[in-house]
Amino acid sequence: MIAAASLMEKAIAVVREGRLARGIKLSPDDVNRTGLIGLRYSPLTTTLGDLAAKRTTINPNMAALLVRLLYEAGAERGDAVAIGASGSFPALIIASLAAAHVMGLHPILICSLGASQWGANDPCFTWLQIENLLVTEGVFPEEYRAVAVSLGGDRDSGLNLDPEVREDLIATIVASGARFLHEPDLAKNVAERVRIYEAYAGDRRIAAFVGIGGNWADMGEDPAILSLQPGLNVLQSPPEGDNRGVTFEMAARGIPVIHLLNIRALALRYGIAWDPSPLPPPETGSFYAQRDGSIGTSFLIVASTYLGLALAWAVGRCISLWAGGRA
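Residues numbered from 1 in each chain as written. Predicted model: local features only at pLDDT ≥ 70, side-chain atom pairs only at ≥ 80, totals over all residues. Heavy atoms only, no water.

**Examining the packing of helix α1 (residues 2-21) against helix α5 (residues 127-136)**
Step number 1: Put simply, α1 and α5 touch, their axes get as near as 10 Å, and they point 115° apart. When the axes of α1 and α5 are compared, the pair comes out roughly perpendicular. In the crossing of α1 with α5, the sense of the turn from one axis to the other is right-handed. Contacts between α1 and α5 pair Ala-11, Val-14, Val-15, Gly-18 and Arg-19 from the former with Ile-130, Leu-133 and Leu-134 from the latter.
Step number 2: Of the residues that constitute the contact of α1 with α5, the class distribution is six nonpolar, one polar and one charged. (Axes fitted to C-alpha atoms, helices over the stretch in contact; angles between N-to-C directions. Helix = DSSP H or I, 4+ residues; strand = E, 2+ residues; numbered from the N terminus. Parallel < 35°, antiparallel > 145°, perpendicular 65-115°, else oblique. Left-handed = near helix turned anticlockwise from the far one by under 90°. Contact = heavy atoms within 4.5 Å. Nonpolar A, V, L, I, M, F, W, Y, C, P; charged D, E, K, R; others polar.)

**Thoughts on the sheet that holds strand β5 (residues 206-212)**
Step number 1: A sheet is described by the order of its strands in space; here seven strands give the open sequence β4-β3-β2-β1-β5-β7-β6, paired in mixed fashion. The open sheet has two free edges, formed respectively by β4 (179-181) and β6 (231-233), since each of these has just one partner strand. Recorded for the sheet is a direction-independent mean angle of 20° between the axes of neighbouring strands.
Step number 2: Relative to strand β7 (residues 257-260), β6 runs antiparallel, the two sharing three bridges. Among the inter-strand pairings, Gly-231 is bridged to a residue of β7, identified as His-259.
Step number 3: Running at roughly 150° to β7, helix α3 (residues 61-72) makes contact with β1 (80-85), β5, β6 and β7 of the sheet.
Step number 4: Of the strands in this sheet, β1, β2 (106-112), β3 (148-150), β4 and β5 are in contact with helix α7 (residues 186-201), which crosses β2 at around 155°. (Pairing = 2+ DSSP bridges.)

**Some remarks on empty space enclosed by the protein**
Step number 1: Counted under the stated rule, the structure contains two cavities of 30 Å³ or more.
Step number 2: For the largest cavity, the calculated volume is near 40 Å³.
Step number 3: The wall of the largest cavity is formed by Arg-19, Gly-35, Leu-36, Ile-37, Gly-38, Gly-119, Ala-120, Asn-121, Asp-122, Phe-125 and Ile-130.
Step number 4: The residue inventory of the lining of the largest cavity, partitioned by class, reads five nonpolar, four polar and two charged.
Step number 5: Of the voids in this model, the second largest cavity is the one considered here, and its volume is about 30 Å³.
Step number 6: As for the second largest cavity, its lining consists of Asp-30, Val-31, Asn-32, Thr-34, Ile-37, Arg-55, Ile-58 and Leu-279. (1 Å grid on protein atoms, 1.4 Å probe; cavity = no way out; pocket = protein on both sides within 12 Å on 5 of 7 lines; lining within 4 Å. Points joined across faces, edges and corners; volume = space filled by probe spheres on them.)

**Overview of the nonpolar core**
Step number 1: Among the nonpolar cores identified, the biggest contains 76 residues, and Leu-70, Ile-94 and Leu-134 are the most heavily contacted of them.
Step number 2: With ten residues, helix α4 (residues 90-103) is the single largest residue contributor to this core.
Step number 3: Here Leu-70 is in contact with Ala-75, Val-81, Ala-99, Met-103, Leu-105, Ala-208, Val-210 and Ile-258, once residues within four sequence places are set aside.
Step number 4: Within the second largest apolar cluster, 20 residues are counted, among which are Ala-80, Ala-82, Leu-186 and Ala-201. (Core = buried A, V, L, I, M, F, W, Y, C linked by side-chain atoms within 4.5 Å. Buried < 20%, exposed > 50% of the residue type's maximum accessible area, 1.4 Å probe, protein only.)

**Thoughts on the environment of Leu-266**
Step number 1: Looking at the secondary structure, you find Leu-266 in helix α10 (residues 263-270).
Step number 2: Counting along the chain gives 36 residues from Leu-266 to Pro-230, while the straight-line C-alpha distance between them is 5.1 Å.
Step number 3: Contact partners of Leu-266, with chain neighbours within four places excluded, come to Met-62, Leu-65, Pro-230, Gly-231 and Leu-260.

**Some points on the pattern of salt bridges**
Step number 1: Across all of its chains, the model carries 13 salt bridges by this definition.
Step number 2: Of the charged contacts in the structure, one is a salt bridge between Arg-205 and Asp-79, with a shortest N-O distance of 2.5 Å. Here Arg-205 is found in the loop between α7 and β5, whereas its partner Asp-79 is found in the loop between α3 and β1, with 126 residues between them in sequence.
Step number 3: Here Asp-79 falls in the buried class, since its relative accessible area comes to 9%.
Step number 4: Taking the shortest distance from any N to any O, the salt bridge between Glu-142 and Arg-145 comes out at 2.6 Å.
Step number 5: Several salt bridges share partner residues, and in doing so they unite Glu-198, Arg-244, Glu-249 and Arg-253 into one network. (Salt bridge = Lys/Arg side-chain N within 4 Å of Asp/Glu carboxyl O.)

**Observations regarding the environment of Ala-273**
Step number 1: Relative to the elements of secondary structure, Ala-273 occurs in the loop between α10 and α11 (297-326).
Step number 2: A relative accessible area of 34% places Ala-273 in the partly exposed class.
Step number 3: Here the alpha-carbon distance between Ala-273 and Thr-57, two residues 216 residues apart in the chain, equals 9.5 Å.
Step number 4: Residue contacts for Ala-273: discarding those within four places in its chain leaves Thr-56, Asn-59 and Pro-280.

**Observations concerning the confidence of the model for the protein chain**
Step number 1: With 89% of its residues at a pLDDT of 70 or more, the protein chain shows a mean pLDDT of 90.
Step number 2: Counting contacts from residues 293-327, a segment whose pLDDT is below 50, to residues more than four positions away or on other chains yields nine contacts. (pLDDT = per-residue confidence, 0-100.)

**Structural notes on unusual backbone geometry**
Step number 1: Cis rather than trans, the peptide bond between Ser-277 and Pro-278 has omega equal to 0°.
Step number 2: In this model, Arg-33 sits at a positive phi of 50°, which is unusual for a non-glycine residue.
Step number 3: Summarising the element assignment, Arg-33 is placed in the loop between α1 and α2 (51-57).
Step number 4: Taking relative accessible area as the criterion, Arg-33 reaches 48% and is therefore assigned partly exposed.

As structure tokens, this is what we get:
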């Protein structure tokens, strides 16, 4: 966990310096100067976003949390992990890749370029530019690049984007060498994504699906998606039908789901600092000792010990006072 947090800390520094070296100014809302906070509005903005939530995800200890969640999902060295992400939370993509790296997992990333407010929504600094920085600077190996990319937004096809912006993004995707996904039919889109994950996994077991942000194809249109808990979900009876997204399709195959969208609820469940400034160093957060989102065993042992001592003192004091009153 600490190794993953340290790797994410390094990645943040590389992104910041690379962004500045390319003459791309940091957002005025990027109070921790990370390079991972985008713009309030831009031609790539698909939905509203929460600035505090975006800044919360840049905590390097998010990578440590992903290690814990993948471990609890049963991931083992050599396994594959499928990652579906929008451009809304680039820091969570980094956290997932960092966790996979230190755990010896094989990440398979499919992402979309559209992003909510303050995500990777700067046309000059989309996820593909961030990804390229991290690979060329040696933070992550070449095979960690996204294997397929969509426009995101309306029906995962950027239908709500300006036509000129769409064409520029398509050119960027094609130039990256990633497969361009542009299927507006939900069932077909989901099937294509699953085929890609399985093809790149090969003989490896897909140990978990990590869903980052609110990509239409990953989420689907079944309202049951709103009942997912932030963090790890092992679903026994996921919904059926053509309106389910990749998340429920993976769950139907017995694959645990790590759901990363409601960041406030995620922070509350696992003890992540909310909108911290400065960013906490590695090994900061109560989730390091927690188990299954509850109070950690070590904390309970310490707390019960002190409680026992306090009760013993109180009982002893009462006996002493009673004895003194009887004398």
